[in-house]
Structures are given as C-alpha cells and as structure tokens.
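Letter by letter, the chains look like this.
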Amino acid sequence: MLLIRFGVKSLIFILIFLTINPLLTSLATDYFSTELKQDVELDYRAYIYALDAARPALSNEQWLALLKRISEQSNLTVKTISTPASEQTQTILVENVHDGNLQAVTAKIQGNELIQFSAFRVKDNVETILFFIQYGLPLGLILFLFLLHTLWLQYRLFRLELASKLIAKGQLSGRADTGLFAIGRVNETFNHMAEKLERLFAQQRHMIRAISHELKTPIFRLQLKLELLDKSSNNEKLIYELFEECDELDTLVHEILEYSKVEQFSSSLNFTEINLSNSLQNYAKSIEKYCNHPIILDVQQSIFARVDNAGIKRVIHNLVVNADKYAVEQIHVSLLRQGRRLLLTVEDDGIGIAKGKRELVFQPFYTVDESRTGKRHGVGLGLAIVKEILSSHDANVEISKSQFGGACLTIDLSSCFVE
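The protein has the name histidine kinase in an unreviewed UniProt entry, where Pseudoalteromonas rhizosphaerae is given as its organism. What UniProt records for the protein under Catalytic activity (unreviewed entry) is the sentence "ATP + protein L-histidine = ADP + protein N-phospho-L-histidine."

Structure follows, in structure tokens:
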C-alpha cells in the first residue's frame with residue numbers, strides 16, 4: 001500500500017513538471033526575445049550615439065585605441081569592419097540576441113564607417129536564466145508543494161500524537177480527528193482501538209470493584225463470628241490467627257481498590273504548586289504516630305514543586321510504612337536539591353533488598369519477605385502504587401543500599417521542581 005501511494009504521488013509530481021515546464025519555457029522565451037532585445041538595443045544605441053559624436057574629433061589611431069579600451073573595460077567587444085556592409089544596413093541591427101545564432105550588432109558611424117559590438121557575456125547569462133526558468137522553477141515548485149504536503153502531514157500526525165498522549169495519561173475518552181485532520185483510516189483505527197480499550201478498562205475496573213466490595217461482606221461476617229466464639233485457652237491462639245488472616249484479607253481488598261484507582265486512572269490528578277518541604281515535614285509528623293520507629297528528617301527549606309498533593313502524600317505514606325516494616329531502629333527521610341535535581345529519599349536500617357529483586361518489588365503482589373524477615377508484611381501493592389503515581393508525575397524511583405544498612409528508595413522529582 002505504501003509503495004502504491006508513493007508511486008501515485010511520484011506520478012502526480014511528474015505530470016505537474018511536464019505541464020509547467022513547457023508553459024514556463026514559452027513564457028521565458030517570449031519575454032527574453034522581446035524584452036531582452038529591447039534592453040540590449042537601448043544599451044547599444046547609447047554607445048553608438050556617443051561614438052558617433054566623438055568620431056570626428058579623433059584620429060584613426062585614437063579611434064582604434066578608444067574601441068580597444070572599451071573592449072577591455074566592458075563586456076563588449078568592439079571592432080571595425082573592413083568589408084563594406086550592404087547599403088540596406090541600418091544604423092543598428094539587433095537580432096536573435098539569446099539564441100546563439102547572432103550575438104553581434106552592426107552599426108554605422110558617421111554614415112559610412114561600420115563597427116561591430118559583440119556582447120560575449122549575454123549568451124551565457126541568458127542560457128543560465130532560461131535553464132533556471134525551464135527546469136529550476138518547476139522543480140522548485142514541486143519541492144515547495146512536497147514541503148507543504150509534508151508539513152500538513154506532520155501537523156496531522158501531531159494531532160494524532162496529542163490524542164495518544166491523552167490516552168497515555170489516562171484520559172481514555174480522548175479521540176483522534178476523523179475529518180480534515182484525519183490520516184486516512186489510521187485515525188479511525190486508532191479511535192476504534194481507544195474505544196475498545198476504554199470499554200475493557202471500564203469492565204475490568206467495574207469487575208474489580210464489584211469483587212472487592214463483595215469480599216468485604218463475608219470478611220466482616222467472618223470477623224463478627226470470630227468475636228462470638230468462645231475464647232477458651234484451647235482455641236484462643238487459633239482465633240487470634242484467624243483474626244490476623246481476616247485483617248490481611250481486608251487489607252488486600254483495600255489495596256486492590258486503591259491500586260485499581262491509580263492504575264486505571266479513575267482518580268483524576270490535580271497538579272498544583274506546593275511547598276514540598278513544609279508538606280513533607282507536616283505529613284511525616286502525622287504519620288510518625290502510627291509507626292513503630294522514629295522518623296529522622298533531613299529537609300531543605302523552601303523547596304517548591306508542582307505535584308498532585310494527594311498523590312505525593314500517598315507515595316510518602318507507602319514508602320514510610322514500607323520502611324517501618326523492616327527498620328530495626330529508625331527511618332530516615334530526606335528532601336534535597338542538587339542543582340536542578342530534586343531528590344526525595346526514604347531509608348531504613350534493616351536487611352535491605354537484594355540487587356536481583358530491586359526491580360521486581362514494583363510489580364503488583366510481589367513481596368520479598370523471604371529475603372528480609374521471613375514474615376509476610378502486606379500484600380505487595382504499596383510500591384506498585386508508588387510506581388504508578390510517580391509515572392503520572394514523569395518521575396522515577398530507584399532502589400539502592402542505604403548508608404544505614406537497609407534499603408534506600410530515591411525518587412527523582414526533577415520534572416516537578418519549581419524554581
């Protein structure tokens with residue numbers, strides 16, 4: 001299909017060239033055969049009148065010297081003609097200046113002496129101009145039309161790209177133009193794909209919500225029945241373990257709902273400029289009440305960023321809670337500016353995360369408890385939610401070994417930094 005379109009466009013350009021070339025050639029020839037002859041004739045007449053007036057006062061030697069000097073200092077070759085010209089020779093004769101058959105003008109001086117002007121530069125100049133008009137202009141016009149076509153196609157692709165970016169940001173209702181700005185059937189196919197994706201995501205989101213809400217009811221009933229059981233010494237430990245399992249199921253349902261909101265973009269982001277330093281300090285103090293370890297802050301003052309405030313709070317919450325699960329004595333949170341880079345780090349002094357598993361922890365439901373404490377902590381959605389939120393901020397997170405011995409999660413918020 002692409003080859004066929006290319007062949008059709010090439011044929012159109014060739015037809016345009018074959019149509020324009022004869023027309024421009026005819027116009028150029030007519031113009032030069034008339035206008036150029038008139039201009040040259042007027043230039044020659046000026047020389048002839050001047051020479052005719054000066055001839056009586058000059059001797060033959062002076063006359064020949066004058067003609068020689070004119071030939072050397074101008075683009076004219078002037079010489080006398082010894083052979084008598086025909087009696088019908090007029091004062092000036094201008095013919096076929098541009099076609100190469102006759103490049104000379106013959107004139108009478110004082111009614112009987114003949115001189116001949118040869119404009120030896122006219123031929124090359126005229127042929128160059130004619131060649132440019134015959135071939136340069138048609139090709140230039142075709143290239144200009146091709147450029148306009150390319151720019152128009154680029155603009156339509158740009159509008160299609162805008163629709164793609166809207167969908168990539170979670171606005172699944174974004175569609176490509178189907179009118180003047182459409183690119184053949186590409187835009188229709190794109191819109192069909194977008195509609196199908198929107199429908200599938202909506203169905204998936206609805207299913208996840210329905211399942212999660214349906215799970216809440218039996219979990220609540222199970223917890224209620226456990227409360228009514230006889231907590232004798234024989235089954236107290238079992239009941240306690242069942243309560244823990246119910247709490248874990250409840251947490252799982254809650255995290256699935258939250259991850260669904262973030263991954264399916266159901267919660268709209270509201271980007272505003274905030275004092276990130278103050279927000280981090282205030283939120284760290286509020287969350288420290290629920291942590292088992294103290295939070296040590298290292299925050300540079302008056303750092304502003306354009307972020308979704310609720311999303312960033314969720315990121316900080318998940319990272320601090322995750323660090324609190326594996327910390328031994330303390331949690332370190334820092335916000336530092338390094339040139340044009342803005343880095344937010346959360347560290348703990350636990351065992352850390354093995355290099356081979358640092359990328360895996362951002363996958364949904366993946367946990368590395370066996371490499372850290374051997375005990376299950378959470379459902380493995382906290383860091384996946386962090387990854388999704390940061391993606392909407394054009395930010396990224398990396399895991400390394402902390403200077404305190406545990407894991408160090410570094411968030412690069414340079415794209416959100418406001419000077």
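What the rule picks out here adds up to 1 salt bridge. Among the salt bridges present, the one from Arg 341 reaches Asp 412, with a minimum N-O distance of 3.3 Å. Taken as a pair, Arg 341 in strand β8 (residues 341-348) and Asp 412 in strand β10 (residues 407-412) lie far apart in primary sequence, 71 residues in all. The exposure class of Asp 412 is buried, given its relative accessible area of 17%.

In contact at an axis separation of 11 Å, helix α6 (residues 276-288) and helix α7 (residues 309-326) are set at 45 degrees when each is read in the N-to-C sense. Overall, the two elements α6 and α7 adopt an arrangement that is oblique. Crossing of α6 against α7: the hand is right-handed. Taken together, the residues of α7 that come into contact with α6 (itself represented by Leu 276, Ser 279, Leu 280, Tyr 283 and Ile 287) are Asn 309, Ile 312, Lys 313, Ile 316, His 317, Val 320 and Val 321. Per-class residue counts for the contact of α6 with α7 are 8 nonpolar, 3 polar and 1 charged.

What the 3 strands build is an open sheet, ordered β4-β6-β11; its pairing is antiparallel. Of all the strands in the sheet, just β4 (271-275) and β11 (417-418) have a single pairing partner and so form its edges. Relative to the sheet, α6 contacts β4 and β6 (304-308), its axis offset from that of β4 by approximately 80 degrees.

A word on the sheet that holds β10. With mixed pairing, the 5 strands of this open sheet are ordered in space as β5-β7-β8-β10-β9. Edge positions in the sheet fall to β5 (295-299) and β9 (396-401), since each has one partner strand and no second. Within the sheet, the average angular offset between the axes of one strand and its neighbour, ignoring direction, is 15 degrees. Alignment of strand β7 (residues 331-338) against β8, held across 8 bridges, turns out to be antiparallel. Among the inter-strand pairings, Arg 337 is bridged to a residue of β8, identified as Leu 342. Where α7 meets the sheet, it contacts β5, β7, β8 and β10, and its direction lies at approximately 30 degrees from that of β8.

Now for the packing of aromatic side chains. Per the counting criterion, the structure on display carries 1 aromatic pair. Sitting over the ring of Phe 362, Lys 387 keeps its end group 5.3 Å from the ring centre.

What follows deals with a nonpolar patch on the surface. On the surface, Leu 141, Phe 144, Leu 145, Leu 147, Leu 148 and Leu 151 cluster together into a nonpolar patch covering about 520 Å² of accessible area. With respect to the element layout, Leu 145 can be found in helix α3 (residues 122-168). You can call Leu 145 partly exposed: its relative accessible area is 32%.

Okay, the confidence of the model for the protein next. A residue-level look at the protein finds 75% of positions with pLDDT of 70 or above and a mean pLDDT of 76. For the stretch residues 95-102, pLDDT sits under 50, and the model shows 18 contacts to residues farther than four places along the chain or on other chains. Every residue in residues 120-124 scores below 50 in pLDDT, and together they form 9 contacts with partners more than four places removed in sequence or on other chains.

Turning our attention to the pairing of β10. Looking down a regular strand, the side chains alternate between one sheet face and the other. Burial analysis of β10 places 5 of its 6 residues in the buried class, the great majority of the element. The sheet contact formed by β8 and β10 spans 5 bridges and is antiparallel. Directly across from Thr 345, in β10, lies its bridge partner Thr 410. Taken together, the 6 bridges between β9 and β10 define a ladder with antiparallel strand orientation. Paired with Glu 398 across the two strands is Thr 410, which belongs to β10. What sits between β9 and β10 in their antiparallel hairpin is a turn of 5 residues, with Gly 405 showing a positive phi close to 110 degrees.

Between the first and last C-alpha of α7 there are 26 Å, a value that for 18 residues agrees with the 26 Å anticipated at 1.5 Å per step. Considered for burial, the residues of α7 that qualify are Gly 311, Ile 312, Arg 314, Val 315, Ile 316, Asn 318, Leu 319, Val 320, Asn 322, Ala 323, Asp 324 and Tyr 326.

Rules behind the numbers
- Residues numbered from 1 in each chain as written.
- Predicted model: local features only at pLDDT ≥ 70, side-chain atom pairs only at ≥ 80, totals over all residues.
- Heavy atoms only, no water.
- UniProt positions renumbered as here; feature names shortened; annotations may be inferred.
- Salt bridge = Lys/Arg side-chain N within 4 Å of Asp/Glu carboxyl O.
- Helix = DSSP H or I, 4+ residues; strand = E, 2+ residues; numbered from the N terminus.
- Buried < 20%, exposed > 50% of the residue type's maximum accessible area, 1.4 Å probe, protein only.
- Axes fitted to C-alpha atoms, helices over the stretch in contact; angles between N-to-C directions.
- Parallel < 35°, antiparallel > 145°, perpendicular 65-115°, else oblique.
- Left-handed = near helix turned anticlockwise from the far one by under 90°.
- Contact = heavy atoms within 4.5 Å.
- Nonpolar A, V, L, I, M, F, W, Y, C, P; charged D, E, K, R; others polar.
- Pairing = 2+ DSSP bridges.
- Phe/Tyr/Trp six-rings, centres within 6.5 Å; stacked < 30°, edge-to-face > 60°.
- Lys NZ or Arg CZ within 6 Å of the ring centre and 35° of its normal.
- Patch = residues over 30% accessible without salt bridge, like charges linked within 9 Å, V, L, I, M, F, W, Y side chains within 5 Å.
- Areas by Shrake-Rupley, 256 points an atom, 1.4 Å probe, with all protein chains shown as cover.
- pLDDT = per-residue confidence, 0-100.
- Expected span 1.5 Å × (residues − 1).

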